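One letter stands for each residue in the lines below.
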Amino acid sequence: MPPPRRGGGGGLVIGLIGGGLVLLVVIAVVVFVVASSGGKSPEEKLTAAASSLNSARAVGLKGTFGGGKTLRGELNVTKGGRAMGPVSWNGDQVTVLSADGKLFVKADKTYWSREISSTDDPYYLASGEQWGRLDADELDLDFKTQLTPSALASKIRSARTSRVKPIETTWSGKKALKFSTFSSTLYITDEDDAELLRYEATTPRVSVDVTPKDSSDASSLISDMRTSMGELKDSFNGSARPTVDEWKRGGCNGDSGCTVEAKIRPPYDVEKPVTIDVRFRLTAGSLTGRDLGNCTTRITISGSLSEWASCRVTSSAWTSWAKATGGTFYKHAQYKVIGATSAEVQALQSGLDSE
């Protein structure tokens, strides 16, 4: 009798043994092995994202910045820590420029009228947007140490030491890995050539989407910064508060004009030398009386001591008042502290050469 046939796979094989018919059931076992994809580990993807970001000339950050005074919008930060962009600052639409430890804001008259504490309307405020300088402490962010491409790359590298495993998720429609540490949360693309998608932190308080800038985009935004820095020659220091130390008597005995002179005490919290436009104004009879004219002069104070400022008011209002009634008049002083001198503007623009 011929031997029984063997099936090539699972199935039934029928054969005769001892003249009887025997049914043999052969069970084929198929084993599925999940093979490794051969891709990088999460730690290696973090390394790739850090390396990519560290080599960027600039990075775009879109979201919220800061704690007490929150910015919302998009800022571009260069590798040297210079930042600029349009944001909403406590509800006001402004443009922020932070560079070399100096903070400038471009905003309309409504914003500056609130920001500048003065009994008089600042005479130099125009109807459009103007650049003004604020104390750097107004913004509780240090872009150079906290949000440059290299600083963010350092945050990514720190996430490699976290014992918390990443979570598979999505961000902005992309597959992502979410890493959480004690002080920050990072989202990177879930791919071998990973990139940072989002950065959230408590110190400083930020929640931003991240876009590394290629060489062309970086060159364009740096060019925009250079142009804006050139506009700072017309800026004012909105945080500086000079005062009159002493008024000089005399100089106003005729109807042809009035020479006004005062010793001006410099703001205590500004860099020296400081340049100040001083506008003297006269009113008749009282502090809020009839306007008799004004004049403006510029002084530069190099140290902490007060300096004299002087100019002569010549106006038809003064002449008619002096000829008609004369009498008591009051002197007023207003100030425009220059936000950036020509030397400071040049230094800011020269700093961009290293970017």
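Residues numbered from 1 in each chain as written. Predicted model: local features only at pLDDT ≥ 70, side-chain atom pairs only at ≥ 80, totals over all residues. Heavy atoms only, no water.

Peer 1: Talk me through the overall build of the protein chain; I want residue IDs and the actual numbers.
Peer 2: Helices and strands together make up the secondary structure of the protein chain, namely 7 helices and 20 strands. When the 355 residues of the protein chain are sorted by exposure, 41% land in the buried category. Relative to all contacts within the protein chain whose residues are 6 or more apart in sequence, the contacts with residues 24 or more apart total 58%. Taken as a whole, the protein chain presents about 19,300 Å² of accessible surface, with 49% of it coming from carbon and sulfur. (Helix = DSSP H or I, 4+ residues; strand = E, 2+ residues; numbered from the N terminus. Buried < 20%, exposed > 50% of the residue type's maximum accessible area, 1.4 Å probe, protein only. Contact = heavy atoms within 4.5 Å. Areas by Shrake-Rupley, 256 points an atom, 1.4 Å probe, with all protein chains shown as cover.)

Peer 1: Got a sec to walk through unusual backbone geometry? Specific residues and values, please.
Peer 2: With an omega of -5 degrees, the peptide bond between Thr-203 and Pro-204 qualifies as cis. Along the chain, Pro-204 turns up in the loop between strand E12 (196-202) and strand E13 (205-213). For Asp-100, which is not a glycine, the phi torsion comes out positive at approximately 55 degrees. One non-glycine residue with positive phi stands out, namely Ser-172, at about 55 degrees.

Peer 1: How would you summarise the sheet that holds strand E18 (residues 290-301) if you had to cite specific residues and measurements?
Peer 2: Spatial strand order, E18-E17-E20: 3 strands in an open sheet with antiparallel pairing. What marks the edges here is a single partner per strand, and that holds for E18 and strand E20 (329-337). Here the strands of the sheet are splayed against their neighbours by 20 degrees on average, with no regard to which way each runs. In the sheet, strand E17 (residues 274-284) pairs with E20 via 9 bridges, with the strands oriented antiparallel. Residue Val-278 lies in a different strand from E20, and its bridge partner there is Tyr-335. Most of the contacts of helix H6 (residues 316-324) go to E18, to which it runs at about 125 degrees, and overall it touches E17, E18 and E20. (Pairing = 2+ DSSP bridges. Axes fitted to C-alpha atoms, helices over the stretch in contact; angles between N-to-C directions.)

Peer 1: Just give me the short version of the environment of Asp-255, but keep the residues and values in it.
Peer 2: Locating Asp-255 in the fold gives a position in the loop between strand E15 (243-247) and strand E16 (258-265). In sequence terms Asp-255 and Gly-326 are 71 residues apart; their C-alpha atoms lie 8.8 Å from each other. Setting aside anything within four residues of it in sequence, one finds Asp-255 in contact with Trp-318, Thr-319, Ala-322 and Lys-323.

Peer 1: Any details on the state of the cysteines? Residues and values, ideally.
Peer 2: Following the criterion strictly, the structure yields 2 disulfides and no others. Here Cys-252 pairs with Cys-258 through a disulfide, and the sulfurs are 1.7 Å apart. Measuring the twist about the S-S bond at about 55 degrees, one finds the Cys-252-Cys-258 disulfide to be right-handed. Each member of the pair, Cys-252 as well as Cys-258, carries the same accessibility label: buried. The disulfide partner of Cys-295 is Cys-311, and the gap between their sulfur atoms is 2.0 Å. Disulfide Cys-295 to Cys-311: torsion about the S-S bond roughly 75 degrees, handedness right-handed. Remark: Cys-311 occurs in strand E19 (residues 307-313) and Cys-295 occurs in strand E18; sequence separation between them is 16 residues. Described in terms of the sequence order of its bonded cysteines, the disulfide pattern of the protein chain is 1-2, 3-4. (Disulfide = S-S within 2.5 Å.)

Peer 1: Provide a residue-level description of the sheet that holds E13, including the pertinent values.
Peer 2: Here 12 strands make up an open sheet; going across it, the order is E9-E10-E11-E12-E13-E3-E4-E5-E6-E7-E8-E14 and the pairing mixed. Since the sheet does not close on itself, it has two edges, and those belong to strand E9 (167-171) and strand E14 (236-237), each with one partner. One ladder, built from 2 bridges, connects strand E8 (residues 130-134) with E14; its direction is parallel. By the bridge assignment for E14, Gly-132 is matched with Phe-236. Relative to strand E10 (residues 174-180), helix H1 (residues 42-54) is tilted by about 100 degrees, and along the sheet it contacts strand E3 (58-65), E10, strand E11 (184-189), E12 and E13.

Peer 1: Help me get a handle on H6, residues and values and all.
Peer 2: The set of residues buried in H6 consists of Ala-317, Trp-318 and Trp-321. End-on, the buried residues of H6 take up no more than an arc of 95 degrees, which puts them together on one face. Along H6, the residues that are exposed and aim more than 90 degrees away from the buried face are Ser-316 and Lys-323. A positive phi of about 60 degrees marks Gly-326, the residue just after H6. (Arc of directions from axis to C-beta.)

Spatial relationships are all this shows, so hold off on functional conclusions.
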